[in-house]
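Listed below, chain by chain, are the residues.
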There are 2 protein chains.
Amino acid sequence: MALIVQKYGGTSVRDIDRIRNVALRIAKTRDRGDDVVVVLSAMSGVTDRLLQTAGEITDRPEKRELDVLLATGEQTTVALMAITLSSMGYKARSLLGYQAEILTDGMSTKARIRDIGSGRIRSLLDEGHIVVVAGFQGADSEGNITTLGRGGSDTSAVAIAAAVKADECEIYTDVDGIYTADPNICSKAKKLDRISYDEMLEMASLGAKVLQIRSVEFARKYNVVIHVRSSFNDEKGTIVVHEDSNMEKMIVSGVTHSKDVARITLLKVPDQPGIATGILSPIADAGIQVDIIIQNTRAGNMTDFTFTVPRTDYAAAMEIENKVAKEIGASEVRGDDMVAKISVVGVGMRSHSGVAAKMFAALATENINIRMISTSEIRISCVIEEKYTELAVRTLHTAFGLDDENKTV
Amino acid sequence: MALIVQKYGGTSVRDIDRIRNVALRIAKTRDRGDDVVVVLSAMSGVTDRLLQTAGEITDRPEKRELDVLLATGEQTTVALMAITLSSMGYKARSLLGYQAEILTDGMSTKARIRDIGSGRIRSLLDEGHIVVVAGFQGADSEGNITTLGRGGSDTSAVAIAAAVKADECEIYTDVDGIYTADPNICSKAKKLDRISYDEMLEMASLGAKVLQIRSVEFARKYNVVIHVRSSFNDEKGTIVVHEDSNMEKMIVSGVTHSKDVARITLLKVPDQPGIATGILSPIADAGIQVDIIIQNTRAGNMTDFTFTVPRTDYAAAMEIENKVAKEIGASEVRGDDMVAKISVVGVGMRSHSGVAAKMFAALATENINIRMISTSEIRISCVIEEKYTELAVRTLHTAFGLDDENKTV
């Protein structure tokens, strides 16, 4: 008998029919003899609708109260699920965030989980209940309702799995698992059976939007085995675990891409201490996240400084840097929002040299010009012209031997 | 500086515009220097919609979970109200039932309030907040969400007013106050300035649906001054308090009527001990509420037994009594669901004789036949043919000197 945490996202519970389907899946797990804790998101569209209603009142709704409002979304789904399971003859009990003892800090709308008490869930399981927990929400030490930010239900599920020491945390979604590349672009993409937390983190932050990054960090920290799988079929999905010997056979696990990128370069910046801070602090102050940063030395005590921001923040960032350039005496600001970022990710890179060279060579074969390069221990990213995105993904997928030979193009 | 509890019903908060109007009214009270605790219902229609959704899953939704679902209704309104008040520059804080320390018994969907802690509300008031409490909901001693049954927000408001020792509990509704009769029937009906708890209880149970009966019982027990008034204007409404000397000038305070009545008579019942139980127990077992009960002695150790039930339960009750009649040897069961109940209510009756005689005489003048009579200390009720309802109300209203002489018919 195992203890399984199952998390279902908004599309899996978007109406009564879908809720019934999910209930059948939960029941099947229960019938197998396993203990089940279910974590649910709000029905798809509900959170957006609530935000819109609050937005009709004011542009800046009070965050504490916004959380009270948003928390009704998950409250509705857990009640409906518990009603459904009960009507099927199962003992089921819903728990809201505070009832499940999910303690967070007090940062409304983007709270972080500090602790989870497992007592209440444990005793309900011992009584034979299926426990249905509202994802995305918790309570701070003063009992105020808090929410965990977009995608927070993944983190709820993993954190609960850690607290109750679950054998597995199944994350049900609308895809079959984690792929070696986006199947919409690369028809030969394969589903991965296993992937390491580190790789998943690099993949998630690079645009594979299956799992919230924080949930993977949590899982890595507390050794929670995540199983990403589809709520529409019974296929095994992808297991996310600590790196193991099986994985090392592959140098590269996947190719990811993101078009949510824009590049900004300040030319001929006087090269003196503190110049990077002078350029990037105003960007941070505006709440804009910087991704890749590159600084090249030029002749004559001058430097060129380049960084990337999300494309939606491009205009604001350009405006800021045009001011900064005058202040610090840079000669010119250049920007480009028609770029994309392509990355290869794999723990195998640690022990294999030549991955970068192979990547650059493959792109060169297709005449794809590399505009920026950035690397981590298990990732190499290149910024290229946006129009080459799909070609680059397919080229690298083939070059690193990831193609599923059973699939035809 | 006073401490005021204000309760607004579903129609007063049914959309963003109405919520804004209510917020302005709350703000006006706050600007006057008063401390304000606001109690809100769900937006009108929301509770019915949630019940309908649960009904799509099963005919008998698990009650604990139904309460979790229903509680989202009030949670939504308090969040939106706190957001609105905050956006207007006021310090406002929403509290859900459990956060407001509303402790109930464990009877899901019809819980009773056991205790209210005033600590949290008090300290928020001391910090200068307008406190916005979700009506209709509380939590049992195990932390499960409970709801108080239809109209429960009135009870929430009165109970909170008792706990925080408020100077007044204002119940905002869509009528101007309590009238001497239904103004839709009796154009000369007057708004009462004051009414006693006892009278209000008789009126409420007789069909004046302004206040939930339980809230009036609560107010009487804890000396909470209720002020029933309209949320659409600034007129004073009706104050509900303990009986005082002012009231005794009037013998009758109001005339009420109810068409939700049906009459059932068992003829020639063998008159022996336990016969009333034999007749009424099966009715109680079927969850049907009996109102008036009359037993007349006949010659020959026989009795006729008559009682009334809500009209919606008439068919079920007749079916039951047809069986009962055979078992106990009654000769016949007669029923009539085309009847109505007319009552005059007033604490002045206690000290004035002749009220009944005057009532019967007034009805006789209009040739209205009385089918049943029932009295309490401060009420006389007659069951009459339904078609005479409106005529009877107007006739009694005039006979007891309640007509507003400033109004023309």
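Conventions we followed
Residues numbered from 1 in each chain as written. Chains lettered and ligands numbered in written order. Predicted model: local features only at pLDDT ≥ 70, side-chain atom pairs only at ≥ 80, totals over all residues. Heavy atoms only, no water. Contact = heavy atoms within 4.5 Å. Buried area = accessible area lost by both parts, 1.4 Å probe. Salt bridge = Lys/Arg side-chain N within 4 Å of Asp/Glu carboxyl O. Polar contact = N/O pair within 3.5 Å; in protein donor to acceptor, adjacent residues only side chain to side chain. Helix = DSSP H or I, 4+ residues; strand = E, 2+ residues; numbered from the N terminus. Nonpolar A, V, L, I, M, F, W, Y, C, P; charged D, E, K, R; others polar. Buried < 20%, exposed > 50% of the residue type's maximum accessible area, 1.4 Å probe, protein only. Expected span 1.5 Å × (residues − 1). Pairing = 2+ DSSP bridges. Axes fitted to C-alpha atoms, helices over the stretch in contact; angles between N-to-C directions. Phe/Tyr/Trp six-rings, centres within 6.5 Å; stacked < 30°, edge-to-face > 60°. Least-squares fit on C-alpha atoms with pLDDT ≥ 70 in both. Domains from an automatic or database assignment.

Q: Any chance you could explain the interface of chain B and chain A here in plain terms?
A: By a frequent convention, interface size equals the accessible area lost on bringing the separate parts together. Tallying the contact residues gives 37 residues for chain B and 37 residues for chain A. Across the interface of chain B and chain A, roughly 3,100 Å² is buried in total on both sides, 61% from carbon and sulfur atoms. By the criterion of area lost to chain A, the three top residues of chain B are I57, E65 and I83 of chain B, representing 21% of everything that side buries. Taken together, the connections running from chain B to chain A amount to zero salt bridges. Here chain B is connected to chain A by twelve residue pairs in polar contact (both at pLDDT 80 or more). Of all elements in the fold, only helix 1 (16-31), helix 2 (46-57), helix 3 (63-87) and strand 3 (92-95) of chain B reach the threshold of two or more residues within the side of chain B that touches chain A. If you tally residues by element for the side of chain B that touches chain A, the top one is helix 3 of chain B, at 16 residues. Its residues placed into classes, the side of chain B that touches chain A shows 17 nonpolar, twelve polar and eight charged.

Q: Just checking my understanding: could you explain the pattern of salt bridges for this structure?
A: Where charged atoms from two side chains of opposite charge come close, those side chains can pair. All names here are of chain A. All chains considered together, the criterion is met by 42 salt bridges over all chains. Taking the shortest distance from any N to any O, the salt bridge between R150 and D48 comes out at 2.7 Å. You can see R150 sitting in the loop between strand 8 (145-147) and helix 5 (152-163) and its partner D48 sitting in helix 2 (residues 46-57), a full 102 residues away along the chain. Its relative accessible area of 46% is what places D48 among the partly exposed residues. The network of salt bridges with shared partners includes D198, R220, E243, R350 and E377.

Q: What exactly am I supposed to notice about helix 3 of chain B here?
A: An α-helical turn contains 3.6 residues, so any two residues separated by three or four positions project in the same direction. Residues and elements named next belong to chain B. A rise of 1.5 Å per residue sets the reference length of helix 3, with its 25 residues, at 36 Å; its end C-alpha atoms lie 37 Å apart and thus fit the reference within 8%. Of all 25 residues making up helix 3, 23 are buried, and the element is well covered by its neighbours. Where helix 3 ends, the next residue or the one after it, G89, has phi of about 95°, a positive value.

Q: Please explain the sheet that holds strand 13 (residues 254-258) of chain B as it appears in this structure.
A: Backbone hydrogen bonds hold the strands of a sheet together, and the pairing may be parallel or antiparallel. All names here are of chain B. If you walk across this open sheet you meet the four strands as 13-18-20-19, and the pairing is antiparallel. Of all strands in the sheet, those bounded by a partner on one side alone are strand 13 and strand 19 (370-376). Adjacent strand axes in the sheet meet at a mean angle of 20°, parallel and antiparallel pairs treated alike. Here five bridges tie strand 13 to strand 18 (residues 339-345), and the two strands are oriented antiparallel to one another. Looking at strand 18, one finds that H257 is bridged to I342. Running at roughly 20° to strand 20 (residues 379-385), helix 10 (residues 355-365) makes contact with strand 18, strand 19 and strand 20 of the sheet. Taken strand by strand, helix 11 (residues 389-399) contacts strand 13, strand 18 and strand 20, and its axis lies near 15° from that of strand 18.

Q: Explain the packing of aromatic side chains to me, please; I cannot follow it from the model alone.
A: To describe a pair of aromatic rings, one takes the distance between the centres and the angle between the planes. Residue and element names in this part refer to chain B. Overall, the coordinates contain seven aromatic pairs over all chains when judged by the stated rule. Plain terms: the ring middles of Y8 and Y172 are 4.5 Å apart, the flat faces sit at 10° to each other, and that makes the pair stacked. In this pair, Y8 is assigned in strand 1 (residues 3-8) and Y172 in strand 9 (residues 168-173), connecting sequence segments 164 residues apart. Pair check on accessibility: Y8 and Y172 agree, each one buried. Judged by centre distance (5.1 Å) and plane angle (35°), the ring pair of F218 and Y222 falls under tilted.

Q: Sorry if this is basic, but what is going on with the side chain of S374 of chain B here?
A: All names here are of chain B. Along the chain, S374 turns up in strand 19. Exposure remark for S374: the relative accessible area of 15% places this residue in the buried category. If near-sequence neighbours (up to four positions away) are discounted, S374 is found in contact with I292, R379, I380 and S381.

Q: Before we go on, may I ask you to explain the relation of the copies chain B and chain A in this structure?
A: It takes a turn of 180° to lay chain B on chain A, together with a shift of 0.0 Å along the axis; the resulting RMSD is 0.1 Å. The symmetry that links the two subunits is that of a two-fold axis. Closest approach to the rotation axis within chain B is made by the C-alpha atom of T72 of chain B, at a distance of 2.6 Å. When the interface residues of chain B are mapped onto chain A, 100% of them are again interface residues, pointing to one common binding face.

Q: Where do I start with the domain arrangement of chain A in this structure?
A: According to the domain assignment, chain A contains domain 1 (3-174) and domain 2 (262-336). With centres defined by C-alpha atoms, the gap from domain 1 of chain A to domain 2 of chain A works out at 42 Å.

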